[in-house]
Every structure is written in C-alpha cells, then in structure tokens.
Amino acid sequence: MRDFGAGLGYLFKGQRWVARHGRWWAFGMIPALITLVGYVAVMTALIVWSGDIADWATPFADGWGSPWQGLVRGAVSVAVVGSGGLLALVTFTAVTLLVGQPFYESLCEKVDESEGGAPAKPEVPLWRELLVSARDSLAVLLRVAAFGVALFLCGFIPVVGQTVVPAIGICVSGYFLTVELSAVALQRRGFAQKERLRMLRRRLPLAVGFGAALALLFLVPFLTVLAMPGAVAGATLLARDLAPVEESGEEADDETDRDQTDDHDETGYDETGDAPGASDVPDAFRKS
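Quick notes on the rules
- Residues numbered from 1 in each chain as written.
- Predicted model: local features only at pLDDT ≥ 70, side-chain atom pairs only at ≥ 80, totals over all residues.
- Heavy atoms only, no water.
- Helix = DSSP H or I, 4+ residues; strand = E, 2+ residues; numbered from the N terminus.
- Contact = heavy atoms within 4.5 Å.
- Axes fitted to C-alpha atoms, helices over the stretch in contact; angles between N-to-C directions.
- Parallel < 35°, antiparallel > 145°, perpendicular 65-115°, else oblique.
- Nonpolar A, V, L, I, M, F, W, Y, C, P; charged D, E, K, R; others polar.
- Buried < 20%, exposed > 50% of the residue type's maximum accessible area, 1.4 Å probe, protein only.
- Core = buried A, V, L, I, M, F, W, Y, C linked by side-chain atoms within 4.5 Å.
- Salt bridge = Lys/Arg side-chain N within 4 Å of Asp/Glu carboxyl O.
- Patch = residues over 30% accessible without salt bridge, like charges linked within 9 Å, V, L, I, M, F, W, Y side chains within 5 Å.
- Areas by Shrake-Rupley, 256 points an atom, 1.4 Å probe, with all protein chains shown as cover.
- Expected span 1.5 Å × (residues − 1).
- Arc of directions from axis to C-beta.
- Polar contact = N/O pair within 3.5 Å; in protein donor to acceptor, adjacent residues only side chain to side chain.

1. Quick notes on the overall build of the chain
Here is step 1 of the chain: Across its full length, the chain carries 10 helices and zero strands.
Here is step 2 of the chain: For the chain, the N- to C-terminal ordering of α and β elements is α-α-α-α-α-α-α-α-α-α.
Here is step 3 of the chain: Look at the contacts in the chain between residues 6 or more apart in sequence, and 77% of them connect residues 24 or more apart.

See below:
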C-alpha cells in the first residue's frame, strides 16, 4: 500500500509541477488538443455515417419489414458508434503521446533539469523516435485488447462481473497508462520497452497507484486534455524513482578530488607522514 500511495502522490506532484510552470502546462496541452480535435471530427463522421454503415453491414435485412429491420440496423448503428467511442478512449493517450513526442520530450527534459540529475539527451533522429514509439504503443494496445476481451467475458459472471471485474479493469487500464506515460522519460534513460515493463512489474503497486486515478480522470475527454501535461510530468518524476540518473563524469571527478583531499589529516600531512607535495621534492634536497 505504501507504493500505491507513492504512485498516487506522483500524479499530484506532476499536476503541481505544471501548475508552478504555467508556460509548460500550456505547451503540454497542444498535442492533446490536436488529438482531441481529430477524434471529435472522426466521431462526428462516424455518427453521421453510422446508418449507412449499418445498412452495408446487414444486407440480409433488406427484405425485412417494420419494425425488425429498424431494430436490427439501429442496434448495429449504436454498436458502431459505441465501439468507436471505446476505441477512441483506449487509444487517445497513445496517439497523443505519438503526436506530441517532441513536446513531451522537452517537457520531460525540463522536469529532470528542475529536479536535478537530468540524463544526457539521446542522439536519435526524430523519425526513429516516432517509429519506436508507434511500435511500442501498438504492442501496448494489443496487450490492452487481450486483457479487455478477458475482462469482457468475465463480466458475464454473476455478481463478480458487476463488482470485481470493473475494479480490475480500472487497475489494468491504470497500469498500461503508466507504461505509456513513463515511456518518454524511461526512453531518455536508454531503457527498451521490455526493460520498462519489467521495471514497472517489479513496482506494480506504484504503477497502478499512479495510473488508476488517472484512468478514472481520463474518462472525461476534456479533463484528459487539461491533465495530460501534469500526467507526463508526474510520470517523469516516477521514472526518476525507478531509474535514478547516475552522476556525470565531471561530478564523479569532483567527488574523487574531494575524497583525495580528505586523505590529508588536520595537520596538513598525508597518510605517509609527509607534507602535501613532499613526494615531488627530489631526495637530494630533503633533510636527513
């Protein structure tokens, strides 16, 4: 439960970070707004053309009389629109992250810099980053689809299907949301998707704590747009917990210099009993 609470805490810390950096909050909303406009346009077209899609999908009902033809094709129209809405809900985060890769890369970098210990920027072309992100997002969506089918079937179990299964569904959605949102920060640290999944599985309560509350929040599309920058910032803070950045070479050298300085005692003599720098004096000039 401690890790679950810590994950939830990272969600609030991310929202607090963007609240303190208003320019980055507005900057981070741009990809979500672009994606939302595109999804609204597609859903509007789907609603307008749902009747034609139903007619095309049910040629066997052409000769049916009223009311059966209308009932069947009306049900198909509702199913088409509902399936489109569900698909939009499941894919919105992945598409937003894909559209906003350069935006969220900059946001992650800024969060790391503000907290200290930022990793070196990976020297990877943008087209390759987008290709890897698209491939990883598709792999996550296939996993989500597999869990979705299993949970849908479990939903027919009496009592359990109406109580336990929805709760499990939120936790599963939350986990994969964390996988998606932390991908940008962990990719900057050089972790491939298999490694990222392994890290999050080891800290499963942390991942679920962060993503479950976000999954409930993302059920409202407009809130998704508002919360996305803070979600990315929070996922970056969570990634810093999972994979702290090691000291840079300069910092390590400074630490070594400090350690060497500490080898001298308070009298100014080193461990051999000679004064500092005495080893550099030729033997002929030393006193016997």
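2. Quick word on the packing of helix H1 (residues 2-20) against helix H2 (residues 22-57)
Here is step 1 of the chain: Closest axis-to-axis distance for the H1/H2 pair is 5 Å, and the angle between their directions is 110 degrees. If you check the angle between H1 and H2, you find them roughly perpendicular. Contacts from Trp17, Val18, Ala19 and Arg20 of H1 reach H2 at Gly22, Trp24 and Trp25.
Here is step 2 of the chain: Here the residues of the contact of H1 with H2 are counted per class, giving five nonpolar, one polar and one charged.

3. Some remarks on the environment of Ala6
Here is step 1 of the chain: Tracing the backbone shows Ala6 in helix H1.
Here is step 2 of the chain: Residue classification places Ala6 among the partly exposed residues on the basis of a relative accessible area of 29%.

4. Points about the nonpolar core
Here is step 1 of the chain: Ranked by size, the top nonpolar core spans 45 residues in total, and within it Tyr104, Tyr175, Leu181, Phe210, Leu214 and Val232 carry the most contacts.
Here is step 2 of the chain: The element that contributes the greatest number of residues to this core is helix H9 (residues 221-242), accounting for 11 residues.
Here is step 3 of the chain: Excluding anything up to four places from it in sequence, Tyr104 contacts Gly28, Pro31, Ala32, Thr96, Leu97, Val184, Met228 and Val232.

5. Notes on the pattern of salt bridges
Here is step 1 of the chain: All chains considered together, the criterion is met by 10 salt bridges.
Here is step 2 of the chain: Of the charged contacts, one joins Arg73 and Asp55 as a salt bridge, the two residues approaching to 3.5 Å between their closest N and O atoms. Here the residue Arg73 occupies a position in helix H3 (residues 68-99), and Asp55 occupies one in helix H2, the gap between them amounting to 18 residues.
Here is step 3 of the chain: On the accessibility criterion, Arg73 (12% relative accessible area) is buried.
Here is step 4 of the chain: Across the pair Arg188 and Asp112 runs a salt bridge whose closest N-O atoms are separated by 2.9 Å. Of this pair, Arg188 sits in helix H6 (residues 160-188) while Asp112 is found in helix H4 (residues 101-115), placing the two residues 76 residues apart along the sequence.
Here is step 5 of the chain: The exposure class of Asp112 is buried, given its relative accessible area of 0%.
Here is step 6 of the chain: Residues participating in the shared-partner salt-bridge network are Glu105, Asp112, Arg188, Arg189 and Arg240.

6. Quick word on a nonpolar patch on the surface
Here is step 1 of the chain: Where nonpolar side chains cluster on the molecular surface, the patch consists of Leu86, Leu89, Val90, Leu216, Leu217, Leu219, Val220, Phe222 and Leu223 and spans about 770 Å² of accessible area.
Here is step 2 of the chain: The set of elements that each furnish at least two residues to the nonpolar patch consists of H3, helix H8 (204-217) and H9.
Here is step 3 of the chain: At three residues, the largest contribution of residues to the nonpolar patch is made by H3.
Here is step 4 of the chain: One can find Val90 in helix H3.

7. Digging into the packing of H3 against H6
Here is step 1 of the chain: Relative orientation of the contacting elements H3 and H6 amounts to 0 degrees, with a least axis distance of 10 Å. As judged from the angle between their axes, H3 and H6 are roughly parallel. Contacts between H3 and H6 involve Thr93, Ala94 and Leu97 from the former and Leu177, Glu180 and Leu181 from the latter.
Here is step 2 of the chain: Looking at the contact of H3 with H6 residue by residue, the classes come out as four nonpolar, one polar and one charged.

8. Brief notes about H4
Here is step 1 of the chain: Taking 1.5 Å per residue, 15 residues should reach 21 Å; H4 reaches 21 Å between its end C-alpha atoms and fits that length.
Here is step 2 of the chain: Listed as buried for H4 are Gln101, Tyr104, Glu105, Leu107, Cys108, Val111 and Asp112. Each buried residue of H4 lies within a common arc of 165 degrees when the element is viewed along its axis, so the set occupies one face.
Here is step 3 of the chain: Gly116 lies just past H4 and shows a positive phi near 90 degrees.

9. Describing the side chain of Ser182
Here is step 1 of the chain: Structurally, the position occupied by Ser182 is in helix H6.
Here is step 2 of the chain: A polar atom in the side chain of Ser182 sits 2.6 Å from the backbone oxygen of Thr178.

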